[in-house]
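Chain by chain, the residues:
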Amino acid sequence: MRRYLVAGNWKLNMGPQAGRDLAAAVGERLRGRTLHGDVLVCPPFVTIPAVAAVAQGDPVLLGAQNCAAHEQGAYTGEVAPGMLKEAGVQYVIIGHSERRQYYGETDADFAAKIDLVHAQGMKAIFCYGEVLEERKAGRAEEVVRAQLQAVLPRLEGPNAYNLVLAYEPVWAIGTGETATPEQAQQMHAFSRALVAEMLGADVAENMRILYGGSCKPGNARELIGQPDVDGGLIGGASLKAEDFVGIVDGAEAVVG
Ligand code: PEP
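Parameters and conventions
Residues numbered from 1 in each chain as written. Predicted model: local features only at pLDDT ≥ 70, side-chain atom pairs only at ≥ 80, totals over all residues. Heavy atoms only, no water. Helix = DSSP H or I, 4+ residues; strand = E, 2+ residues; numbered from the N terminus. Rg over C-alpha atoms; globule rule 2.2 N^0.38 Å. Buried < 20%, exposed > 50% of the residue type's maximum accessible area, 1.4 Å probe, protein only. Contact = heavy atoms within 4.5 Å. Areas by Shrake-Rupley, 256 points an atom, 1.4 Å probe, with all protein chains shown as cover. Lys, Arg positive; Asp, Glu negative; His and termini not counted. Charge placed at Lys NZ, Arg CZ, Asp CG, Glu CD. Patch = residues over 30% accessible without salt bridge, like charges linked within 9 Å, V, L, I, M, F, W, Y side chains within 5 Å. Salt bridge = Lys/Arg side-chain N within 4 Å of Asp/Glu carboxyl O. 1 Å grid on protein atoms, 1.4 Å probe; cavity = no way out; pocket = protein on both sides within 12 Å on 5 of 7 lines; lining within 4 Å. Points joined across faces, edges and corners; volume = space filled by probe spheres on them. Nonpolar A, V, L, I, M, F, W, Y, C, P; charged D, E, K, R; others polar. Phe/Tyr/Trp six-rings, centres within 6.5 Å; stacked < 30°, edge-to-face > 60°. Lys NZ or Arg CZ within 6 Å of the ring centre and 35° of its normal. Axes fitted to C-alpha atoms, helices over the stretch in contact; angles between N-to-C directions. Parallel < 35°, antiparallel > 145°, perpendicular 65-115°, else oblique. Left-handed = near helix turned anticlockwise from the far one by under 90°. Pairing = 2+ DSSP bridges. Right-handed = clockwise from strand over helix to strand, strands pointing away.

Participant: Could you give an account of the overall build of the protein, with specific residues and numbers?
Facilitator: A tally of helices and strands in the protein yields eleven helices and eight strands. For 256 residues, the compact-globule formula gives about 18 Å, and the C-alpha radius of gyration of the protein, at 17 Å, lands near that figure. The principal-axis extents of the C-alpha atoms in the protein amount to approximately 45 × 45 × 35 Å. Residue burial in the protein is summarised as follows: out of 256 residues, 52% are buried. In the protein, the proportion of contacts linking residues at least 24 apart, taken out of those at least 6 apart, comes to 72%. Put simply, the protein shows about 11,100 Å² of open surface, and 51% of that area lies on carbon and sulfur atoms. Across the protein, the 22 positively charged side chains and the 31 negatively charged ones have centroids separated by 3 Å.

Participant: Break down a nonpolar patch on the surface for me, citing the residues and quoting the values.
Facilitator: Judged by side-chain polarity, Met1, Val254 and Val255 come together as a nonpolar surface patch covering roughly 340 Å² of accessible area. For Val254, the position within the fold is in helix α11 (residues 241–255).

Participant: An account of the layout of surface pockets is needed here, citing residue identities and associated values.
Facilitator: Size it by volume and the largest pocket reaches roughly 500 Å³. Along the walls of the largest pocket sit 18 residues, with Lys11, Leu12, Gln65, Arg99 and Tyr103 positioned nearest its centre. With four residues, the top contributor of residues to the lining of the largest pocket is helix α4 (residues 97–103). Per-class residue counts for the lining of the largest pocket are nine nonpolar, five polar and four charged. The computed volume of the second largest pocket comes to approximately 250 Å³. For the second largest pocket, the lining is made up of 21 residues, of which Gly174, Ser214, Ile234, Gly235 and Gly236 are closest to its centre. The residue inventory of the lining of the second largest pocket, partitioned by class, reads seven nonpolar, eleven polar and three charged.

Participant: So what's going on with the packing of aromatic side chains? Which residues, and what values?
Facilitator: Under the defined criterion, the tally for this structure stands at three aromatic pairs. Between Tyr128 and Tyr167, the ring centres sit 5.8 Å apart and the planes meet at 50 degrees, which makes this aromatic pair tilted. Pair noted here: Tyr128 is in strand β5 (residues 123–128) and Tyr167 is in strand β6 (residues 163–167), with a separation of 39 residues, a long-range link. Ring-pair connections join several aromatic residues into one group, and the members of that group are Phe110, Phe126, Tyr128 and Tyr167. Above the ring of Tyr103, the side-chain terminus of Arg99 is found at 4.1 Å from the ring centroid.

Participant: Can you break down the packing of helix α10 (residues 217–224) against α11 residue by residue, with the values?
Facilitator: Running from N to C, α10 and α11 cross one another at 30 degrees; their axes reach a closest spacing of 8 Å. One finds that α10 runs roughly parallel with respect to α11. Judged by the twist between their axes, the crossing of α10 over α11 is right-handed. Taking contact as the criterion, the partners of Pro217, Ala220, Arg221 and Ile224 in α10 are, on α11, Asp243, Gly246, Ile247, Gly250, Ala251, Ala253 and Val254. Of the residues that constitute the contact of α10 with α11, the class distribution is seven nonpolar, two polar and two charged.

Participant: Can you tell me about the environment of Leu194, naming the residues and giving the values?
Facilitator: Structurally, the position occupied by Leu194 is in helix α8 (residues 181–199). Leu194 gets classed as buried once you look at its relative accessible area, which sits at 1%. The spacing of Leu194 and Val144 is 50 residues in sequence and 9.4 Å in space, taken between C-alpha atoms. Leaving out residues up to four positions away in the same chain, Leu194 has contacts with Val144, Arg145 and Leu148.

Participant: I'd like to hear about the pairing of strand β1 (residues 5–9), residue by residue, with values.
Facilitator: It is a general feature of regular strands that their side chains alternate between the two faces of the sheet. Counting buried positions along β1 yields five of five residues, so the element is predominantly enclosed. Covered by surrounding structure in β1 are Leu5, Ala7 and Asn9 together with Val6 and Gly8, the residues of both alternating faces. Two strands pair when backbone bridges link them, and β1 and strand β2 (residues 38–42) are joined in this way by five bridges, in the parallel orientation. Residue pairing for β2: Gly8 is matched across the bridge by Val41. Once the chain exits β1 it traverses helix α1 (residues 16–30) before rejoining the sheet at β2, and the crossover so formed is right-handed.

Laid out in structure tokens, this is it:
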């Protein structure tokens, strides 16, 4: 049985003070509850220490949105995986479509980053998904296969178990347009079959595959209720404690 993961990607929002308040509000709503899955927040780098300070004792895990493809050296403006680990980070999002689109990051960058995240004993959340033109052209599965092929076969042994996938159809990110539960399930089942093909049936059975793209309290239960959807990567709705916890409630309703 896979534990669900509801992960908030705060993107370029929430400085240390606002982030501390948001994490405290989420923690307050979840404290004392027995959750059947994992809840994660991924603040901007500078906000990580403030969130780490208030999340102590709460069932809220700490993540980062990106990391450098190097551990140290002359890479101005970068933050190394080892530094994130030292700051208390447990998960790092890699390959978000905004990294591909605005920063020109490539599959090779993502593969290198995932290796370093694993070398630090952290878990990577690898994002992938097709853009609208690719879906309209009937190429969604082909695109997803290529994106997973670039990363998965390199993972060996235990590292395969330290990867979470996040299927994020780019046309659904921040647009208010959500994949239907049927569309999500179809792509998740396809993804899981690819994981089985590339890494074996046991890894596929255990790998959590999150859905991302305009997930909200009102649609979370139905999406996460699909057999191959193991939680959500949440952008906009992670910025309000009530909405974010509403999505956690949706996930709990599926399990409970
Ligand atoms: C995201 O950017 O990962 C995301 C899913 O954003 P939103 O929930 O706002 O669509």
